[in-house]
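Listed below, chain by chain, are the residues.
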Amino acid sequence: MTSGDLHTETNTNGPQQTRSRTWLNGSAAVAITLGLVVLAVAAIAVGIGSLCLYAQSGAFWPEAIPPYVDYLGESYHCMDLGSPDMRGLTMQGHTIGGGLIYARPPIGSKASAGFVVVTDGHRRETCVMGG
């Protein structure tokens, strides 16, 4: 502490040294700094999570029917091609956003058709292999 930080005040009890008052004392500065650090870390975590999700599904936020679906290790590109034929398809899994993946039962560990159908309960989209 330097002598410039102290002021002498005189009151009825005699001279008394006090610290100069500022709008931001030490504990408030620490609290604000910690709050900003927490916000920055949270923003970075959300950003990294969104980029990882985008790499997997082509969407920054979880969607029931994302642009891309991974099924049995293969990538499928989803598009609205009208009402898909659901004959012979059974539910085989879920998308990251909670959509249902319908496909023909796999043969071994490989998909048995070049497409899957993804639905969110209201709409259906055909997803073709190789997307």
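Up top is the structure these notes are about.
Residues numbered from 1 in each chain as written. Predicted model: local features only at pLDDT ≥ 70, side-chain atom pairs only at ≥ 80, totals over all residues. Heavy atoms only, no water.

Enquirer: Residue-level account of the sheet that holds strand β8 (residues 124-129), with values.
Expert: If you trace the 6 strands from one edge of the open sheet to the other, you get β3-β4-β8-β7-β6-β5, paired in antiparallel fashion. Unpaired on one side and paired on the other, β3 (68-71) and β5 (90-94) mark the two borders of the sheet. Going from strand to strand, the sheet's axes swing by 35° on average, the running direction of each strand aside. As paired strands, β5 and strand β6 (residues 100-103) are joined by 4 bridges and run antiparallel to one another. Within β6, the residue paired with Thr90 across the bridge is Ala103. (Pairing = 2+ DSSP bridges. Helix = DSSP H or I, 4+ residues; strand = E, 2+ residues; numbered from the N terminus. Axes fitted to C-alpha atoms, helices over the stretch in contact; angles between N-to-C directions.)

Enquirer: Tell me about unusual backbone geometry, and name the residues and values.
Expert: The backbone of Leu72 shows a phi angle near 55°, a positive value even though the residue is not glycine. Assignment of secondary structure puts Leu72 in the loop between β3 and β4 (74-79). Residue classification places Leu72 among the partly exposed positions, given a relative accessible area of 38%. (Buried < 20%, exposed > 50% of the residue type's maximum accessible area, 1.4 Å probe, protein only.)

Enquirer: Go over the environment of Pro106 with me, naming the residues and quoting the values.
Expert: One can find Pro106 in the loop between β6 and β7 (115-119). Overall, Pro106 belongs to the partly exposed group, its relative accessible area being 32%.

Enquirer: Before we move on, can you summarise the pairing of β6 with the specific residues and values?
Expert: Here β6 shows a buried face lined by Ile101 and Ala103 and an unburied face lined by Leu100 and Tyr102. Hairpin connection of β5 to β6: 5 residues between the antiparallel strands, including Gly98 at a positive phi of 100°. Bridge count for β6 against β7 is 3 bridges, and the pairing is antiparallel. Its bridge partner lying in β7, Ile101 is registered against Val118.

Enquirer: Could you give me a rundown of the nonpolar core, with the residues and numbers involved?
Expert: Core analysis: the largest hydrophobic core is formed by 10 residues, namely Ile65, Val69, Tyr71, Tyr76, Cys78, Ile101, Ala103, Val116, Val118 and Cys127. For this core, the secondary structure elements donating two or more residues are β3, β4, β6 and β7. Among residues more than four places away in sequence, those in contact with Cys127 are Val69, Tyr76, His77, Cys78, Gly114, Phe115, Val116 and Val118. (Core = buried A, V, L, I, M, F, W, Y, C linked by side-chain atoms within 4.5 Å. Contact = heavy atoms within 4.5 Å.)

Enquirer: Before we move on, could you go through the state of the cysteines and cite the residues and values that matter?
Expert: Scanning all chains against the criterion turns up 1 disulfide. What pairs with Cys78 in a disulfide is Cys127, and their sulfur atoms sit 2.0 Å apart. Classification of the bridge connecting Cys78 and Cys127 rests on its S-S torsion, roughly 95°, and on that basis the disulfide is right-handed. With Cys78 in strand β4 and Cys127 in strand β8, this pair connects stretches of sequence that are 49 residues apart. Among the residues examined, Cys78 registers a relative accessible area of 8% and is labelled buried. Overall, the relative accessible area of 0% leaves Cys127 in the buried class. (Disulfide = S-S within 2.5 Å.)

Enquirer: Go over a nonpolar patch on the surface, please, and point to the residues and values.
Expert: Taken together, the side chains of Val46, Leu51, Tyr54, Phe60 and Trp61 present a nonpolar region at the surface, about 560 Å² in accessible area. Here Leu51 falls in the exposed class, since its relative accessible area comes to 54%. (Patch = residues over 30% accessible without salt bridge, like charges linked within 9 Å, V, L, I, M, F, W, Y side chains within 5 Å. Areas by Shrake-Rupley, 256 points an atom, 1.4 Å probe, with all protein chains shown as cover. Salt bridge = Lys/Arg side-chain N within 4 Å of Asp/Glu carboxyl O.)

Enquirer: Go over the pattern of salt bridges with me, naming the residues and quoting the values.
Expert: Within this structure, the stated rule accounts for 3 salt bridges. Between Arg123 and Asp120 there is a salt bridge whose closest N-O contact spans 3.5 Å. On the basis of relative accessibility, which here comes to 40%, the residue Arg123 falls in the partly exposed class. On the accessibility criterion, Asp120 (30% relative accessible area) is partly exposed. Notably, a salt bridge pairs Arg123 with Glu125, separated by 2.6 Å at the nearest N-O pair. Here the residues in one salt-bridge network are Asp120, Arg123 and Glu125, joined through shared partners.

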